[in-house]
Structure formats: structure tokens, C-alpha cells
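Chain residues, written in single-letter form:
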Amino acid sequence: MAQAPPRGVLPLVLLILNVGTIYCRRPEPYYGRFIGKLTQYAHGIRGMVYAVDESTVFVRGFAYDGTGPDAYFWVGDSPQPSPEGILVPYPEDYVSRDPPVLAAHTNSDILLRLPPGKRLRDIKWLSVWCRRFTVNFGDVFIPSGLDPPRPRVLPEFKRLAHGLRSGNISVLDAKTFYIPNLHYDGAGPDAYFWVGNGTEPNPFGTKVPNEQGSLHPLRGYLGEDIEIVLPGKLTAYDVDWLAVWCVEYRHNFGHVLIPKDLDVPPALGQTKITTSSTTSQTPISASNNCKEILDKRLQVRWEIQGDHVQVTLAARLRKDQYMAFGLSGAEGRPAMLGADVVVAYWDIRANQPRVVDYSISHLAQCDGERGVCPDLRLGGSNDAILVSGLQKDGVTTISYRRPLLATEADRDKEVLTSRPQSVIAAFGPLNSRYEANAHSFMDTTRSDVQIDFGTTNDNTCLGLAELDAGGPAPWPPRIIAHTTNFTARIGPAGGRRGYTPITDNTIDNGFLSFGHPSWGIAWYINDQLIPEIYVERGETYTFAVEGGDDRTNPAKFHPFYISDSSEGGFGQKKPEDQRKQRVFAGVAYDNEGYPYPTAVGRYCEWTHKTTDQALQSETFEQYMETLQLECEPGEPSVLNWTVAHETPDLLYYQCYTHNNLGWKIHVVDPGTPIPLPGDKSAITNMATPLLSLSLSLVSLTALYSMVRSR
């Protein structure tokens, strides 16, 4: 949802939007290039015909009495409609062997796709034609030289932050963008596809659902081809740019400008392309069916798709664990024997999701002839087709399709769409063959669970967030001491193991901290993620700063400074808020009294080799193996800081232009013992009274809120 502009800005913004509408918006409704009216010869033929694109025709307000015995839409290149034409099926998704005879219509809007290989330039007319009696009921002729709307190819995303890049982006129709070879590390905390008006992306934009139609923050992409659709009545004619934008921190990760002279097809539902994201994106069922089973540890979503059912399983799995779901071996109770299930797991060898069709002929491990066996191992077929899979925030989500019918009578069971069926599910360990091993009694369905696969909007789920509570273990805080030389570079924040949990439940200047929010990047000091630095009073320290010197690109401009503020962002603060900070290094003032940063050097960033692997990295050292250092031309900035004797005990290294990139500097007297990494006793002992006081205040505040609510 777009944020409201500040007071005083709204009239100007509206003026810009209105000017954009005058110059670039198409009249609504827009159906494409007008071809002409259908001429009626018989059976009440009527309709307005438009060229949607070079292979699609739209007939608006089509009428036909339906009494012709063998009538079809018919196209050809002869001077007049004739038997030598070609049939255009309608509807195009018919299931019978032969195309259906044209039914009666009174005022229908009809989308016709020309036969494969045919374009509007290849035909001279469109007719409603009776094959049996070779009679033309009505026709329209295609004007010579007709130039139908076409998709428009744009440049790639501008590469600004978080590894965002793509191939050339296409505007397929007035609402649909095709983004090939999309790369994005997924580390932005509040990033979305974003459209709006103006010369460059800004906060006054609109979120665009991802390729799954979801408005959740964007996941990582690794060379995928995706298609996104503008929401509501918004069209490509209404906007000036498409971006990947972080809403919370108002940062542009990259964008492409949309030209004013677009002439793309209208969005009438004709755009259908196959993208690589269908095998890697977050699986979200188009329907709203969802049930939680196994003590709400497993979510099952389902949707009927023709003669198949698509099932999505989501759960918190260990690396060596599977989740299984399928039809019970008996109706009215959970029965493994005779069951038809699919086992889904994440193959850590290939870092890929897997789904395997199993049948259960005996309550024992598979011996190649009977037991809990993959159908393939018994000479059958694997009827489970992988659709997609994702591991994110500790949740493994895998989607697959299977036929409704039983393809092998002795191994498979039919999925019914007319009444509920008993289903079973389980969690268990994988053996060395990556086959399902025996599960515990608590990890399987113990009472009858039924699902009506033919229903819609059967949703009793609370959402994956309920399954996601707890999260992965954070990495331990890092400590740097007994050195006077530091490098300061930018790197990823480490997701739910990194910046925010590292800054959680600590004492900051006498107050309890509950974890600082992160916008996806942080300072890496000596290639460590936000370590706590120990310095001695009277000593001089040198920081080689590589946070970026391009002031035109905020995503790569991070001057380094030292302050008593745990938040930072001195340069973005109002003067009255700047006066609340004490700055100890990295900021100077010009002759007019305005502050400016002094530690401005080239940009060096630890970037993801693929997508963010923080969740899969149990240690920070493992995480560093998934990163690579990328530096732009130039030299680091050198910041020398002599610690004065009156310097407070606790300071912070921060970013001048953004909040929450840095962490603590402990200032001690010479000879003070420094805790080893993992040994926080010195800090803990000093903080205990303050921690107790802060916890007491928190408790009193909560109690007061409870009393008021009653």
C-alpha cells in the first residue's frame, strides 16, 4: 500500500500524476487496434472486432443465435470467406477430441487466438462459417497494413544494490511485465516490486504482487524468469518506472524506466507464458484451501487443476527429515497399510527439493519387493511431479502435482472430488538411500483427518508464521580487541542469525535493547559482522573505510562515523535530533555550520555468491564461505581517531546516511581485561543491575497495559 506524502507535497504529486495521465494513459476501456464491425448475413451475427496483438483477436459484444448446425470462427487469405479457410476453436481449452460447434451468444466478449504460425498479416478476413453447408453467417475484413499492438522490450534493471540484475524486461501487455534472468539476494527486509510516477523511484509508489500474486516481501531469485501483473486498474500507461524498492528504508535496489510512447496490447487475459519460476518459486496455491495437521506442524494446501491435484506441504524440517502426505489405506481412520503417499524432502546433496511417489504394502522398511517403498523401486512409476520448492526462515515448502486417477491399480488410490477422503501424514528421518525411514508414534496422524479435495475456500490455517515461531539460533557476537587498525566494509546483515538477533536483549547505555531492525546490510569490521570493538583511552586507531563515495546512489553511500547513538544515521536527522548525538569521529562542519561526513571511500561489499544462505549456515564462518568481496575502483578513506580520556565507556560505529548498520565500541582504560569471544562476563556483571531494572520497568508497563485493557 502506497504511503501518504508529507504535508505540503500532495498537491505537487497530484499535479505530476495528472500530467502523466494526460500524456501517457490510454482511454479506458482499451481493447486494441479497431478492425471493424462484423457484417451480418444470417443468424443475428453482431460484434466489434479488435486486434489485440499480431496473433489475437477480441470480439466485443458478440451475438449469434446458435442454430447453425456446424458453425465455427473461420479465417483465411482468399478474397472472400470460403471453404479453404482455417478453423479457430472457441473456447480454446476444449476437452473433447474435436473443437466444439459454436454455441449461442447474446452479448459476449470473446478472445480468439489464431492457429499456430498464423498472424493477422497472414489473413484477410474473419468469418462465422458453417462447414456443413459452406455458408458465411457474418464476416469482417482485416485492413491492409494493419499494425497491431506489440510487446515492448525495455532495458534490464539498473544494478544498484543487493545483487539485483536481470535480462531485458518486456512489457507483454498493459498490465504484465516479463523479467528474465532475475537475480536478487533476498536480503532486503521489506523489498517489493514497486511502480510509480516521476523521474526515478520514490516512496509514493504502489506495491506489485510477485509472480505468485503475493504481497509478501520478496524472496531471493537466482536467474529465474518471472512474470508480474500490475494490481487493480493500474496499467503500464499509468506509471513511469518499475523498481525493486525497500519500503521500510525507502531504498531503490534497481529500476527500469517505462517510455511514454508505449503501444502494447491491452490486458484481456491473452498473455500466457511459461517461466522458469514455476520450478523454483514459493509455492502458493491459487485456491484458498489449507489445513493444519500433525499438531499444526504441517500445513497442507491443495487445488484441483484439470485431471490433477496440486498439493503444497510446509513444515519445519531438519536436514535429514522428510514430510509425507497422502491417502489413507482405509476410510474413516488413519491406516498406513495400503496407503498412497508422496514423500517430500530437501536433498542437501544437490540443494534441491524432491518428491517421490510411495506405496505401503507392509509396515517395514522397503526391501525392494514390499514395505514402505518408492513406486519406482517396485517397477512402477513416480506419479508425483515436482512443481516448486523453497527453504526460508526455517520452513521447507514443497509443491507437487499428482493425477486424480489411480494410474497403477495395485499401488495408487484415486483422489475423489465428490466427497471427503481420509488422509495421513508423517515426519521421519531419511536413510542413506534418501528413502523414508520409520517415524515415531508422535510424528504421524493418530486420528481420522479428512479432506474434501473438490472444495474451495476450505481454509483453517493460521499461516506459516505460526509454524515459524522460534527461528534459527543466532550467531554469537564477535569481539575485536588489541588492534589499532581496522577495515570497514559493507556486507549482508545475516538474516535471522545476524544483525537483529545479535543486537537483541543487550544493554545500551542503561536501557534494554530488543534487537535493532536491519534493512539487509551492515558494517563488516575486519570482515566480521558488527563485532564489538574494544579501544583504550589515549590510543590512536585507524579505520580504512570502504562504504562508498557515490552520493547519487544512496544504496552505495555509507560514510563511517563514531557516535554515542545506537541508531546512527546522523546525516538524515533533523538539526534538533542531530544535537542529541555526540559525534567523536567522522563528521566535520563547513563554514556555514552544516555537517558533512569525512570518512568517504570507495565501495567494497561482501555479496552473496547465490542467494542469502544465512538460514543454512550454522556458523558465521560457514556463512562467509557463501560470500564474495566486490570492490569498485578507487581508494579507501582513512579515518584516524585518538580516544580522549573523557570518552564515555560505550560508543557506536555507524553509517552517516542510514540507521542501524553498526554496533558497539567499548572504551576502556589501559590494562582493563578484555573478555574473550563468547565470554561476556565482564559486560554482564556491569549490566546486571541495569538489566534487572529494565526488566522490572518492562513488566510494570505490561501490567499497567493489562489493567487498562480491562
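Conventions we followed
- Residues numbered from 1 in each chain as written.
- Predicted model: local features only at pLDDT ≥ 70, side-chain atom pairs only at ≥ 80, totals over all residues.
- Heavy atoms only, no water.
- Helix = DSSP H or I, 4+ residues; strand = E, 2+ residues; numbered from the N terminus.
- Buried < 20%, exposed > 50% of the residue type's maximum accessible area, 1.4 Å probe, protein only.
- Contact = heavy atoms within 4.5 Å.
- Areas by Shrake-Rupley, 256 points an atom, 1.4 Å probe, with all protein chains shown as cover.
- Pairing = 2+ DSSP bridges.
- Axes fitted to C-alpha atoms, helices over the stretch in contact; angles between N-to-C directions.
- Phe/Tyr/Trp six-rings, centres within 6.5 Å; stacked < 30°, edge-to-face > 60°.
- Salt bridge = Lys/Arg side-chain N within 4 Å of Asp/Glu carboxyl O.
- Core = buried A, V, L, I, M, F, W, Y, C linked by side-chain atoms within 4.5 Å.
- Disulfide = S-S within 2.5 Å.
- pLDDT = per-residue confidence, 0-100.
- Polar contact = N/O pair within 3.5 Å; in protein donor to acceptor, adjacent residues only side chain to side chain.

Caption draft 1: The overall build of the protein, seen in detail. Counting secondary structure elements, the protein contains six helices and 45 strands. Counting every position in the protein, which comprises 710 residues, the buried fraction comes to 51%. In the protein, 67% of the contacts between residues at least 6 apart in sequence involve partners at least 24 apart. A total accessible area of about 33,200 Å² is found for the protein, and carbon and sulfur atoms account for 53% of it.

Caption draft 2: Quick peek at the sheet that holds strand S7 (residues 105–113). With antiparallel pairing, the four strands of this open sheet are ordered in space as S1-S3-S4-S7. Because the sheet does not close on itself, it has two edges, and the strands there are strand S1 (33–37) and S7. Averaged over all neighbouring strand pairs, the angle between strand axes comes to 20°, with direction disregarded. Pairing between strand S3 (residues 46–53) and strand S4 (residues 56–64): six bridges, direction antiparallel. Bridging from a neighbouring strand, Tyr-50 pairs with Phe-58 of S4.

Caption draft 3: Local environment of the packing of aromatic side chains. If you walk through the whole model with that rule in mind, you get 27 aromatic pairs. Taking 5.3 Å as the distance between ring centres and 50° as the angle between the ring planes, the aromatic pair formed by Tyr-31 and Tyr-50 counts as tilted. One end of the pair, Tyr-31, is in the loop between helix H1 (10–24) and S1; the other, Tyr-50, is in strand S3, and 19 residues separate them in sequence. Of the two residues, Tyr-31 and Tyr-50, both sit in the buried class. Judged by centre distance (5.3 Å) and plane angle (75°), the rings of Trp-523 and Phe-560 are edge-to-face. You can see Trp-523 sitting in strand S33 (residues 521–525) and its partner Phe-560 sitting in strand S37 (residues 560–563), a full 37 residues away along the chain. The same class applies to Trp-523 as to Phe-560, namely buried. Each residue in the set Phe-486, Trp-523, Tyr-541, Phe-543, Phe-560 and Tyr-653 is aromatic and connected to the rest through ring pairs, giving one cluster.

Caption draft 4: Expanded view of the pattern of salt bridges. By the definition in use, this model includes 29 salt bridges. Residue Asp-577 pairs with Lys-580 through a salt bridge whose shortest N-O separation is 3.4 Å. Given the relative accessible area of 27%, Asp-577 is considered partly exposed. Taking the relative accessible area as the measure of exposure, Lys-580 reaches 64% and is therefore exposed.

Caption draft 5: Molecular detail of the nonpolar core. The biggest cluster of nonpolar side chains holds 43 residues, and the ones touching the most others in it are Trp-523, Ile-525, Phe-543, Phe-560, Trp-641, Tyr-653 and Ile-665. Setting aside residues no more than four positions away along its own chain, Phe-560 makes contact with Ala-488, Trp-523, Ile-525, Phe-543, Val-545, Gly-586, Ala-599, Leu-639, Tyr-653 and Gln-654. Of all hydrophobic cores here, the second largest spans 34 residues; its members include Tyr-221, Ile-226, Leu-230 and Val-239.

Caption draft 6: Spatial organisation of the state of the cysteines. Overall, the coordinates contain two disulfides when judged by the stated rule. Put simply, Cys-290 and Cys-461 are joined by a disulfide, and their sulfur atoms are 2.0 Å apart. Classification of the bridge connecting Cys-290 and Cys-461 rests on its S-S torsion, roughly -85°, and on that basis the disulfide is left-handed. With Cys-290 in strand S18 (residues 290–293) and Cys-461 in the loop between strand S28 (449–451) and helix H2 (464–467), this residue pair connects regions lying 171 residues apart in the sequence. Here Cys-290 and Cys-461 have matching classes, each one buried.

Caption draft 7: Just the confidence of the model for the protein, in detail. Scored by pLDDT, the protein comes out at a mean of 84, with 84% of its residues at no less than 70. The model gives residues 464–470 a pLDDT under 50, and that stretch makes 16 contacts with residues more than four places away or in other chains. Predicted confidence for residues 678–710 stays below pLDDT 50, and this span has 16 contacts to residues more than four positions away or in other chains.

Caption draft 8: Up close: the sheet that holds strand S15 (residues 221–229). Ordered in space as S10-S11-S12-S15, the four strands form an open sheet in which the pairing is antiparallel. If you trace the sheet from one side to the other, it starts and ends with strand S10 (152–153) and S15, each paired once. Inspection of the sheet shows strand S12 (residues 176–184) paired to S15 by seven bridges, in the antiparallel sense. What sits directly across from Phe-177, in S15, is Ile-228.

Caption draft 9: Looking closely at the environment of Val-195. Tracing the backbone through its elements, the reader meets Val-195 in strand S13 (residues 191–196). Separated by 47 residues in the primary sequence, Val-195 and Leu-242 have C-alpha atoms spaced 4.7 Å apart. Dropping the residues within four chain positions of it, Val-195 is found in contact with Gly-205, Thr-206, Val-208, Leu-230, Leu-234, Val-239, Trp-241 and Leu-242.

Caption draft 10: Broad picture of unusual backbone geometry. Along the chain, Tyr-90 connects to Pro-91 via a cis peptide bond; the corresponding omega equals -5°. Positive phi values are uncommon outside glycine, yet His-482 reaches one of about 60°. Mapping His-482 onto the fold places it in the loop between strand S29 (479–480) and strand S30 (485–492). Of note in this structure, Asn-660 is not a glycine but carries a positive phi near 60°.

Caption draft 11: Here's a closer look at the pairing of strand S16 (residues 241–246). With respect to burial, S16 is a largely interior element, six of its six residues being buried. Two strands pair when backbone bridges link them, and S13 and S16 are joined in this way by six bridges, in the antiparallel orientation. Residue pairing across strands places Phe-193 opposite Val-244, the latter belonging to S16. Two strands pair when backbone bridges link them, and S16 and strand S17 (residues 251–257) are joined in this way by six bridges, in the antiparallel orientation. Paired with Trp-241 across the bridge in S17 is Leu-257. As consecutive antiparallel partners, S16 and S17 are separated by four residues, and within that stretch Arg-250 has a phi angle of approximately 55°, a positive value.

Caption draft 12: Fine view of the environment of Val-229. Position of Val-229 among the secondary structure elements: in strand S15. For Val-229, a relative accessible area of 39% translates into the label partly exposed. Sequence-wise, Val-229 and Ala-267 are 38 residues apart; in three dimensions their C-alpha atoms are separated by 9.6 Å. Excluding residues that lie within four positions of it along the chain, Val-229 makes contacts with Lys-175, Thr-176, Val-208 and Pro-209.

Caption draft 13: Spotlight on the side chain of His-105. Along the chain, the position of His-105 falls in strand S7. A polar contact of 2.8 Å, which involves the side chain of His-105, links it to the side chain of Ser-108. With sequence-adjacent residues up to four places away left out, His-105 is seen in contact with Phe-62, Ala-63, Tyr-64, Tyr-90 and Ile-110.

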